[in-house]
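Now for the letters of each chain:
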Amino acid sequence: MKFMKKKSSYKILSSPLFIVLFLFTIFVLISFNRVMNNDEGMWSYIGRIWSDNGIAPYLGAVDNKTPGIFEIYAISNLLFGVNVFFVRWLGVALLLLSSFIIYLIAKKLHSRLAGVISMYIFGLSMTWELMDGAYSSQTESFMVFFSVLAFYFVIKAKEKQNGFFWIILAGISMGFAIAFKQIAVTTMVALLFFYLVFSAKNKAKKSVLFGVIFLVFGVVISTIISVIPLLLSGVSFNDYFDGAWLILSNSASSAPSVVRLNGFIHLWLNSRIVIFYPLLFLIFIQRDLIKKKYFLGLIFWLVLDFIGVNASGYYYGHQVKQLMPALALIVGILLSNRILEVQKIKSMIHKQATILIATIIILGLPYQDILINGYIITAYSDNNKEIGLWVKNHTENGDYVYLSGSYGSPILAYSKRKSPSKYFHPIFATNKKTQNQLLTDLMLNPPKYFLKHQIDKNIGEEIEAFVSHNYSYQFSKDSYDFYLFDPKKITINGRF
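Residues numbered from 1 in each chain as written. Predicted model: local features only at pLDDT ≥ 70, side-chain atom pairs only at ≥ 80, totals over all residues. Heavy atoms only, no water.

S.K.: Explain the overall build of the protein to me, please; I cannot follow it from the model alone.
M.R.: For the protein, the count of helices and strands is 22 helices and four strands. Its C-alpha atoms give the protein a radius of gyration of 25 Å, near enough to 23 Å, the size a compact globule of 496 residues would have. Dimensions of the protein, computed from the C-alpha atoms along their principal axes, are close to 85 × 55 × 45 Å. Of all 496 residues assigned to the protein, the portion counted as buried reaches 54%. Long-range pairs, those at least 24 residues apart, make up 75% of the contacts in the protein between residues at least 6 apart in sequence. Seen as two clouds, the 46 positive and the 27 negative side-chain charges of the protein have centres 17 Å apart. (Helix = DSSP H or I, 4+ residues; strand = E, 2+ residues; numbered from the N terminus. Rg over C-alpha atoms; globule rule 2.2 N^0.38 Å. Buried < 20%, exposed > 50% of the residue type's maximum accessible area, 1.4 Å probe, protein only. Contact = heavy atoms within 4.5 Å. Lys, Arg positive; Asp, Glu negative; His and termini not counted. Charge placed at Lys NZ, Arg CZ, Asp CG, Glu CD.)

S.K.: Help me understand the sheet that holds strand β4 (residues 480-485), please; the structure alone is not making it clear to me.
M.R.: Working definition: the strands of a sheet are paired by backbone hydrogen bonds and lie parallel or antiparallel to each other. Taken together, four strands build an open sheet; the order of strands is β1-β2-β4-β3 and the sheet is mixed. Looking at which strands have only one partner, the edges of the open sheet turn out to be β1 (401-403) and β3 (471-477). In this sheet, neighbouring strand axes are inclined to one another by 20° on average, regardless of whether the strands run parallel or antiparallel. Where β3 meets β4, six bridges bridge the pair, whose relative direction is antiparallel. By the bridge assignment, Tyr473 is partnered in β4 with Tyr483. Contacts between helix α22 (residues 461-470) and the sheet are confined to β2 (449-453), β3 and β4, with β3 contributing the most and set at about 100° to the helix. (Pairing = 2+ DSSP bridges. Axes fitted to C-alpha atoms, helices over the stretch in contact; angles between N-to-C directions.)

S.K.: What is the right way to look at the pairing of β2 in this model?
M.R.: Consecutive residues of a regular strand have side chains that alternate between opposite faces of the sheet. For β2, a buried count of five out of five residues is recorded, marking the element as mostly surrounded by other parts of the structure. Burial of the side chains of β2 extends over both faces: Tyr449, Leu451 and His453 are buried on one face and Phe450 and Lys452 on the other. Two elements, β1 and β2, share three bridges in a ladder whose sense is parallel. Across the sheet, residue Val401 finds its bridge partner in β2, namely Tyr449.

S.K.: Quick question: what am I supposed to make of unusual backbone geometry here?
M.R.: Note on backbone geometry: most residues besides glycine have negative phi, and most peptide bonds are trans. Of note in this structure, Tyr58 is not a glycine but carries a positive phi near 75°. Mapped onto the secondary structure, Tyr58 falls in the loop between α3 (38-53) and α4 (68-80). A relative accessible area of 6% places Tyr58 in the buried class. Backbone geometry places Ser479, a non-glycine residue, at a positive phi of 75°. Tracing the backbone shows Ser479 in the loop between β3 and β4. Since its relative accessible area comes to 30%, Ser479 is described here as partly exposed.

S.K.: Is there a simple way to think about the packing of helix α7 (residues 139-159) against helix α9 (residues 184-199) in this case?
M.R.: Packed helices, taken two at a time, are described by the angle between their axes plus the distance between the axes. Where α7 contacts α9, the axes come no closer than 10 Å and their chain directions differ by 15°. In terms of orientation, α7 lies roughly parallel with respect to α9. In this structure, α7 meets α9 at a crossing whose hand is right-handed. Where α7 approaches α9, its residues Met143, Ser147, Ala150, Phe151, Val154, Ile155 and Lys158 are matched on the opposing element by Ala184, Thr187, Ala190, Leu191, Phe194, Tyr195, Phe198 and Ser199. Of the residues assigned to the contact of α7 with α9, the class counts are eleven nonpolar, three polar and one charged. (Parallel < 35°, antiparallel > 145°, perpendicular 65-115°, else oblique. Left-handed = near helix turned anticlockwise from the far one by under 90°. Nonpolar A, V, L, I, M, F, W, Y, C, P; charged D, E, K, R; others polar.)

S.K.: Please explain the environment of Asn393 as it appears in this structure.
M.R.: When you line up the elements, Asn393 lands in helix α19 (residues 383-393). Note: C-alpha distance between Asn393 and Thr354 (39 residues apart in sequence) is 57 Å.

S.K.: I keep staring at the packing of aromatic side chains and nothing clicks. Help me out?
M.R.: Each aromatic ring pair is characterised by the separation of its centres together with the angle its planes make. Considering all chains together, one arrives at 39 aromatic pairs under this definition. Here Phe151 and Trp301 contribute two aromatic rings whose centre-to-centre distance is 3.6 Å and whose plane-to-plane angle is 5°, an arrangement assigned as stacked. Of this pair, Phe151 sits in helix α7 while Trp301 sits in helix α15 (residues 293-310), and the two are 150 residues apart along the sequence. Pair check on accessibility: Phe151 and Trp301 agree, each one buried. Centre to centre, the rings of Phe194 and Phe198 are 5.2 Å apart; their planes meet at 40°, and the pair counts as tilted. Residue Phe194 and its partner Phe198 are located together in helix α9, separated by four residues, close to a single helical turn. (Phe/Tyr/Trp six-rings, centres within 6.5 Å; stacked < 30°, edge-to-face > 60°.)

S.K.: What am I meant to see in the pattern of salt bridges here?
M.R.: Two side chains bearing opposite charge may form a pair once their charged atoms approach each other closely. This structure, assessed with the given rule, holds eight salt bridges. Among the ionic pairs, Glu40 bridges to Arg88, the shortest N-O distance being 2.7 Å. Residue Glu40 is found in helix α3, and its partner Arg88 is found in helix α5 (residues 85-109); the two are separated by 48 residues along the sequence. Here Glu40 matches Arg88 in class, with each residue buried. (Salt bridge = Lys/Arg side-chain N within 4 Å of Asp/Glu carboxyl O.)

S.K.: What should I look at first to understand the environment of Lys432 in this one?
M.R.: Inspection of the secondary structure assignment puts Lys432 in helix α21 (residues 432-444). Considering only alpha carbons, one finds Lys432 and Ile30, 402 residues apart in sequence, at a separation of 42 Å.

S.K.: What exactly am I supposed to notice about the environment of Gln474 here?
M.R.: Here Gln474 shows up in strand β3. Relative accessible area serves as the criterion here: at 36%, Gln474 is assigned to the partly exposed category. In contact with Gln474, not counting residues within four places along its chain, are Phe482, Tyr483 and Leu484. Looking at Gln474, its side chain comes within polar contact range of the main-chain oxygen of Ser472, at 3.3 Å. (Polar contact = N/O pair within 3.5 Å; in protein donor to acceptor, adjacent residues only side chain to side chain.)

S.K.: Can you walk me through the nonpolar core in this structure?
M.R.: The nonpolar side chains of a soluble globular protein tend to be buried, and buried together. If you look at the biggest cluster of nonpolar residues, it comprises 128 residues, and the most contacted ones within it are Tyr120, Ile273, Leu298 and Met324. By residue number, the principal contributor to this core is α7, which donates 14 residues. Residue contacts for Met324: discarding those within four places in its chain leaves Ile121, Phe122, Ser125, Met126, Met131, Ile273 and Phe276. Among the nonpolar cores identified, the runner-up in size contains 17 residues, and Phe428, Leu439, Phe450 and Tyr483 belong to it. (Core = buried A, V, L, I, M, F, W, Y, C linked by side-chain atoms within 4.5 Å.)

S.K.: It is not clear to me how α22 should be interpreted in this structure. Could you clarify?
M.R.: In an α-helix, one turn spans 3.6 residues; hence positions three or four apart end up facing the same way. For α22, the set of buried residues is Ile463, Phe466, Val467 and Asn470. Looking straight down α22, one finds its buried side chains confined to an arc of 95°; they lie on one side. For α22, the secondary structure elements touched by its buried residues are α21, β2, β3 and β4. (Arc of directions from axis to C-beta.)

Below, the structure written as structure tokens:
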């Protein structure tokens, strides 16, 4: 009877359906009632002016992202207006699907037990505050889904006679990952390497070459698909390339050295990620795995995505998500391989696996986020939404609104008003050229309200003078000073 109970516990805990439902419950506990964050505000604004006003990304709004996230938010706005739930819960769904695909990958490469452990590790880590788990609407949620799907298709290609069809699908999926975030190119390089050492084994060189060509062809196909909505909205390839790729050379896309060093130390030496370090040392105990081509491919995947996570130097939590598929697979295979090596009796394997799963759950639960969300539900108000709705109610449809500061995007999203400049978020107006363009836009279409952030005031002397000459102070609320456009104060041509 005792054995049956243990067996039953393992059967439940190792069921992919149970794991998905368990992870979904955790996402509900950490995400329910979370207010719109700044990134969600930026993309909500871009999606809104695209769907409501026909103002396309890159032409009417600047952000250093490839178009996938803008398209999702435009669809969200068309369906539900300005909201936080659609994209956020779509992200949850894709992360849950990603965890299941990781289960399938580990099961095919090693064992069902490896799949179960990898699924738990990946799924629980996606809920951590370290990785902005409560905000599953981040671009990485979509990028990770298409990335793991691409690796799964490459593995399927080895099993099927029509392997090149699956290789094209892998390329298409990888292209969609890049369409959500540029740094997925590091994962694409890892995918090519994985294909070469795993799927292309024992094939003729000509077949290998064709496989690489089909993989790249798939990436091109999905990239074109992702750009078509932009082209239909009047965006040229040059606009897309400049707004999605050349913008990465902007200083706002890369952190200063001091910020980079501090972020590196904090993430890799002083965060929850260090839990995995002792487990990775199992590689030196189980050296037989290194001889397996697929495991070498996974290590290369981990190394390339480690480079990807470090690329910008800002170390925002959501950026770390990129690392987790490869890390979860490697650790899951190492732990399961150890159990299967040591234990030969099925009942003992189930017993140790149950203890291991319980330990992973205890160590992996997002306790802090659950407590934070509980506090938010009972004691927190959405000040940005309140200000945004106030602006909406005190302006007309054709009025412009501008906000200085780095975290006011939700206000602009909820206001239902347009910014006079594509630099609606001053983070990318970092040089003289872009600052002059922002000033020109403000003079051509003076916003009715100019909201100056009291702490993050770095908007430039000329724009400060423009506000001083043409606006009257009204009041302050929640770190913002409200200025109203005053036609009586305006100077000739808005200049001073």
